[in-house]
Amino acid sequence: EEEKNIRRRVYDALNVLLALEIITKENKVIKWVGLPCDEYKTLSALDLANLEKADILSRKKAELLTLSVNYSAIIKARK
């Protein structure tokens, strides 16, 4: 009984690994494929996000400078 339970748990674990494509199974032969390696995609996406944020920050700085100059001009015009 306990042996059947252990076999079932191993079977369940193998099915999870198969579903995640970490292993493959051909007939009774199980082969290790490995964990997905998306490091480069993730790093590229982060680099792109950082560039976009840097661009937004640069535009906001320019906008702030323009507003500051305009505010100064208005203050001087009131005097």
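Rules used throughout
Residues numbered from 1 in each chain as written. Predicted model: local features only at pLDDT ≥ 70, side-chain atom pairs only at ≥ 80, totals over all residues. Heavy atoms only, no water. Helix = DSSP H or I, 4+ residues; strand = E, 2+ residues; numbered from the N terminus. Rg over C-alpha atoms; globule rule 2.2 N^0.38 Å. Buried < 20%, exposed > 50% of the residue type's maximum accessible area, 1.4 Å probe, protein only. Pairing = 2+ DSSP bridges. Salt bridge = Lys/Arg side-chain N within 4 Å of Asp/Glu carboxyl O.

J.: Quick question: what am I supposed to make of the overall build of the chain here?
T.: Helix and strand content of the chain: two helices and two strands. Counting from the amino terminus, the chain carries its helices and strands in the arrangement α-β-β-α. By the compact-globule yardstick of 12 Å for 79 residues, the chain is too spread out, its C-alpha radius of gyration being 30 Å. Along the first, second and third principal axes, the C-alpha set of the chain runs to 95 × 25 × 10 Å. Among the 79 residues that make up the chain, the fraction classed as buried is 4%.

J.: Just checking my understanding: could you explain the pairing of strand S2 (residues 29–32) for this structure?
T.: Remark: a regular strand shows side chains that alternate across the two faces of the sheet. In this sheet, S2 lies alongside strand S1 (residues 23–26) in antiparallel orientation, the contact comprising four bridges. Each residue of the ladder has a partner; that of Glu26, found in S2, is Val29. Following S1, the chain reverses through two residues before pairing antiparallel with S2; Asn27 in that reversal takes a positive phi of roughly 55°.

J.: Would you mind going over the pattern of salt bridges with me for this structure?
T.: Close approach of charged atoms allows side chains with opposite charge to pair. As enumerated under the stated definition, the model contains four salt bridges in all. Salt-bridge contacts for Arg7 lead to Glu3; the nearest nitrogen and oxygen are separated by 3.0 Å. One end of the pair, Arg7, and the other, Glu3, are both in helix H1 (residues 2–19), four residues apart, so they sit about a helical turn from each other. In this structure Arg7 comes out as exposed when scored by relative accessible area, which is 57%. Linking Asp12 and Arg9 is a salt bridge whose minimum nitrogen-to-oxygen distance equals 2.7 Å. Taken together, the residues span about one helical turn, with Asp12 and Arg9 both in helix H1 at a distance of three residues. Taken together, the shared-partner salt bridges in this structure form one network comprising Arg8, Arg9 and Asp12.

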